[in-house]
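Below are the chains, spelled out letter by letter.
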Amino acid sequence: MAMTASSGLAQGAGDVASAGQAERSPFLRTTELLAPYQPAKPLITLSLGEPQHPVPDFVGPVLAKHTADFGRYPIAKGIEPFRRAVATWLGSRFQLPRPVDPESEVMVLNGSREGLFFAAISASRYVAPRKGRPAILMPNPFYPAYGAGARAAGCEQIYLPTTLANGFLPDLDSIDEATLARTVAFFIASPANPQGSVASRAYFTRLKELADRYGFIILSDECYSEIYTREAPGSILECAGPDFSNVVAFQSLSKRSNLPGMRVGFAAGDRKFLAAFHELRNVAAPQVPVPLQHVAVAAYSDEAHVEENRRLYRIKFDFADQILGNRYGYKRPAGGFCVWLDVSERGGDEAAAVRLYRDAGVRVIPGSYLARQQNDGSNPGAGYIRLALVSDSESTAEAMHRLVETLG
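Residues numbered from 1 in each chain as written. Predicted model: local features only at pLDDT ≥ 70, side-chain atom pairs only at ≥ 80, totals over all residues. Heavy atoms only, no water.

Caption draft 1: Region of interest: the environment of His 401. The topology assignment puts His 401 in helix H14 (residues 393-407). Taking the C-alpha atoms as reference, His 401 lies 33 Å from Gly 234; in sequence the two are 167 residues apart. (Helix = DSSP H or I, 4+ residues; strand = E, 2+ residues; numbered from the N terminus.)

Pasting the structure below:
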């Protein structure tokens, strides 16, 4: 069955009333949900996906060496050593059709979040006129920056449900031609947040075919690509053709290098789009301090700390395999550091989140808060909870033991 527009949001003066809770931060909503309760045990927080592993040793010395550069305004596209380091890393990490040009096909970002947000606005201005109201497509559940960017761009937000039935990735063949004809951008996340699903090469190739046919931009969020316990996820850039047309990949050091507070990432791909993207960011977006870009150069030149990072996550997923077993539909995710658990038979996601916080001292996030309601009234995140395995291994194991004891 073809999928049609599913924004679930009215326009104009009715926006706030119709969007309701769905437009608010899922973390704020969780805080409000749990506010009436006090945890019965010492709190373990698994709700926020903020990496807690040690900051790499090289960060301090590099910052000290380049402290004087805090006295310079950064250029929007990024310093040349940063862009060169990114291009080199991409070439060594992925099987690209050709080397990325650091001069025209890489741009620094103040973390991937602002890049994803501003890219939606740029896409709405960059693509050719659409047949009907411009739309931006995104998986559902999704990272809130996608929806915020689409809304700021004045585009309809179209939610593509990602469920167990479709492997937790949007079903590309279910999208009708009328919707594709008015699409200006398509957000895809691989590994996906929250389910950890990874797009195959065939999937990326099919998405690229649609982008070329209908003239929209693929905004590929790959910030979890370096967090995996078995096979390394691929990149949309591997399937983008020799000119990377209609494709932009987004990366961040937050997850890869345990540097969420540094706010450094990059966009790479279609040089024509990046030129237009640069024009907007050059006047509107936060820039990246030069010393932080030098830290990023060191980070993208070192894989030892990344492998150690993966080792620590591997230990925690081994615990998850042992403690959770086959409960709650658990399966070890292909990528990322989140666990997506089906608690629909334990009272639903909000009730389970309250019980875990109140009775077990474990803070998780209800899956429905990470998703939006479809036109048929369903919410693909309803009945699930998300656990971010970012704490130390002992705390993580303790939290999962408490979860099993509490939810049964």
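Caption draft 2: Inspection of the pairing of strand E12 (residues 384-388) at higher detail. For E12, a buried count of five out of five residues is recorded, marking the element as mostly surrounded by other parts of the structure. Residues of E12 alternate between two faces, with Tyr 384, Arg 386 and Ala 388 on one and Ile 385 and Leu 387 on the opposite face, all of them buried. The sheet contact formed by strand E9 (residues 338-342) and E12 spans five bridges and is antiparallel. Note that in E12 the partner of Val 339 across the bridge is Leu 387. Pairing of strand E11 (residues 365-366) with E12, which is carried by two bridges, proceeds in the antiparallel orientation. Bridge pairing in E12 links Pro 366 to Ile 385. (Buried < 20%, exposed > 50% of the residue type's maximum accessible area, 1.4 Å probe, protein only. Pairing = 2+ DSSP bridges.)

Caption draft 3: Broad picture of the pattern of salt bridges. Inspection of the entire model under this criterion finds 22 salt bridges. Between Glu 32 and Arg 24 there is a salt bridge, with the nearest N and O atoms lying 2.8 Å from each other. For Arg 24, a relative accessible area of 26% gives the class partly exposed. In this structure, a network of salt bridges that share partners links the residues Lys 77, Arg 83 and Glu 103. (Salt bridge = Lys/Arg side-chain N within 4 Å of Asp/Glu carboxyl O.)

Caption draft 4: Broad picture of the packing of aromatic side chains. Under the criterion given, the structure shown has 17 aromatic pairs. Where Trp 89 meets Tyr 300, the ring centres are 5.2 Å apart and the plane angle is 50°; that geometry is what we call tilted. Here Trp 89, found in helix H4 (residues 80-93), pairs with Tyr 300, found in helix H11 (residues 290-300); they are 211 residues apart in sequence, far enough to count as distant. Trp 89 gets classed as buried once you look at its relative accessible area, which sits at 2%. By relative accessible area, which is 5% here, Tyr 300 ends up buried. Considering the side-chain rings of Tyr 146 and Phe 187, the 4.4 Å spacing of their centres and the 10° angle between planes classify their relative orientation as stacked. One end of the pair, Tyr 146, is in helix H6 (residues 144-152); the other, Phe 187, is in strand E5 (residues 183-189), with 41 residues separating them in the sequence. An aromatic cluster of three or more residues is present, and its members are Phe 142, Tyr 143, Tyr 146, Tyr 159 and Phe 187. A cation sits over an aromatic face here: Arg 29 above Tyr 369, 4.0 Å from the ring centre. (Phe/Tyr/Trp six-rings, centres within 6.5 Å; stacked < 30°, edge-to-face > 60°. Lys NZ or Arg CZ within 6 Å of the ring centre and 35° of its normal.)

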